[in-house]
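What the coordinates show
As a plain string of letters, each chain reads:
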Amino acid sequence: MSLTVKNAQQRTIRALALVSMWGALNAYGASTFDPTINRLLINAVSVNGAKYQNVSATVNSYVLLAVDNGTPVPDTFDPASNLLVLGSVVFQGATYNNVRVQLNEFTLLAATLVTTDTPGGTLTAANTCSLPNFQTDLMALINQARASNQTCGTTSFPATAPLAWNSKLFDASAGHSADMANNNYFSHTSRDGRTFDQRISATGYSWSRLGENIAAGQESVASVMAAWMASPGHCSNIMGVNYTEVGVACVINNSSTYRTYWTMDLGRP
């Protein structure tokens with residue numbers, strides 16, 4: 001079997017990848033618009049008092065009304081006037097704040113209604129690979145690593161403060177692990193084009209710093225942590241002094257290439 005994923009270990013069905021982001025977007029995360037296919041992706045938008053996440057639409061006709069590039073406001077849409085306000089939007093590689101758009105012709109492709117009575121952060125067999133003591137063991141190993149000086153590749157990291165578990169980061173991790181497992185891919189970019197910061201923002205997590213580690217093929221908490229700590233970039237994320245919270249999930253699909261798919265999302269409000 002040949003592996004093309006990043007940092008795959010020879011002769012084993014294991015894979016690792018990582019990404020981190022320094023800097024801040026608005027709490028809702030930047031939306032994106034791809035003019036080549038007229039595709040708009042919005043993380044979270046309020047419509048007449050209701051909140052929708054993971055919204056995608058094809059926009060065929062619109063009028064740009066204003067861009068002020070001030071402090072980003074929440075994304076809103078008024079269906080009576082078809083007025084869309086985007087706090088931040090990425091267009092051809094540049095980010096614009098507070099964009100007001102009149103949508104004349106568009107097709108809604110997907111949207112998820114956020115209900116207030118649905119609890120988040122629930123650990124189940126499905127999002128913990130049925131591993132016992134999943135959260136307890138992970139937090140022990142993560143904070144054990146952070147409690148000591150570590151060398152990640154050629155970079156030395158001093159001992160730092162422990163991380164706290166965050167249910168919204170866990171929700172983002174669980175969603176991405178399930179997506180990778182069920183669609184048989186291994187990437188920080190979702191099949192629908194979303195990046196890790198967009199997925200985390202869609203949970204309602206308000207952040208100033210974010211990072212993500214992913215892995216595949218490991219069968220236990222100890223083995224995935226050992227793999228991450230042995231990889232300079234993943235180790236650096238785990239030891240990052242600017243992170244204060246974490247969520248980790250694991251999802252199994254016996255029909256997919258790596259069987260187990262892990263996601264660790266790190267953040268700082």
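The text that follows walks through the structure, step by step, so that each part is easy to find. (Residues numbered from 1 in each chain as written. Predicted model: local features only at pLDDT ≥ 70, side-chain atom pairs only at ≥ 80, totals over all residues. Heavy atoms only, no water.)

Considering a nonpolar patch on the surface
Side chains of Tyr62, Leu64, Val67 and Tyr96 sit close together on the surface and give an oily, nonpolar patch of about 350 Å² of accessible area. Along the chain, Tyr96 falls in strand S7 (residues 94–113). Accessibility expressed as a relative area gives 32% for Tyr96, which makes it partly exposed. (Patch = residues over 30% accessible without salt bridge, like charges linked within 9 Å, V, L, I, M, F, W, Y side chains within 5 Å. Areas by Shrake-Rupley, 256 points an atom, 1.4 Å probe, with all protein chains shown as cover. Salt bridge = Lys/Arg side-chain N within 4 Å of Asp/Glu carboxyl O. Helix = DSSP H or I, 4+ residues; strand = E, 2+ residues; numbered from the N terminus. Buried < 20%, exposed > 50% of the residue type's maximum accessible area, 1.4 Å probe, protein only.)

Examining the nonpolar core
Ranked by internal contacts, the top residues of the largest apolar core, which has 26 residues, are Phe134, Ile142, Met225, Trp228, Val248, Trp262 and Met264. Broken down by element, this core gets its largest block of residues, five residues, from helix H4 (residues 221–230). Apart from residues lying up to four places away in sequence, Ile142 is in contact with Leu163, Met225, Ile238, Val246, Val248 and Met264. Counting residues in hydrophobic clusters, the runner-up holds 14 residues, among them Val47, Phe77, Val89 and Val99. (Core = buried A, V, L, I, M, F, W, Y, C linked by side-chain atoms within 4.5 Å. Contact = heavy atoms within 4.5 Å.)

What to know about the state of the cysteines
Scanning the model with the defined rule gives two disulfides in all. Across the disulfide from Cys129 sits Cys250; the S-S distance is 1.9 Å. One disulfide, between Cys129 and Cys250, carries an S-S torsion of -75° and so falls in the left-handed class. Placement of Cys129 in the loop between S7 and helix H1 (134–146) and of Cys250 in strand S12 (residues 245–252) is noted, with a sequence separation of 121 residues between them. Once the disulfide-bonded cysteines of the protein chain are ranked by sequence position, their pairing pattern turns out to be 1-4, 2-3. (Disulfide = S-S within 2.5 Å.)

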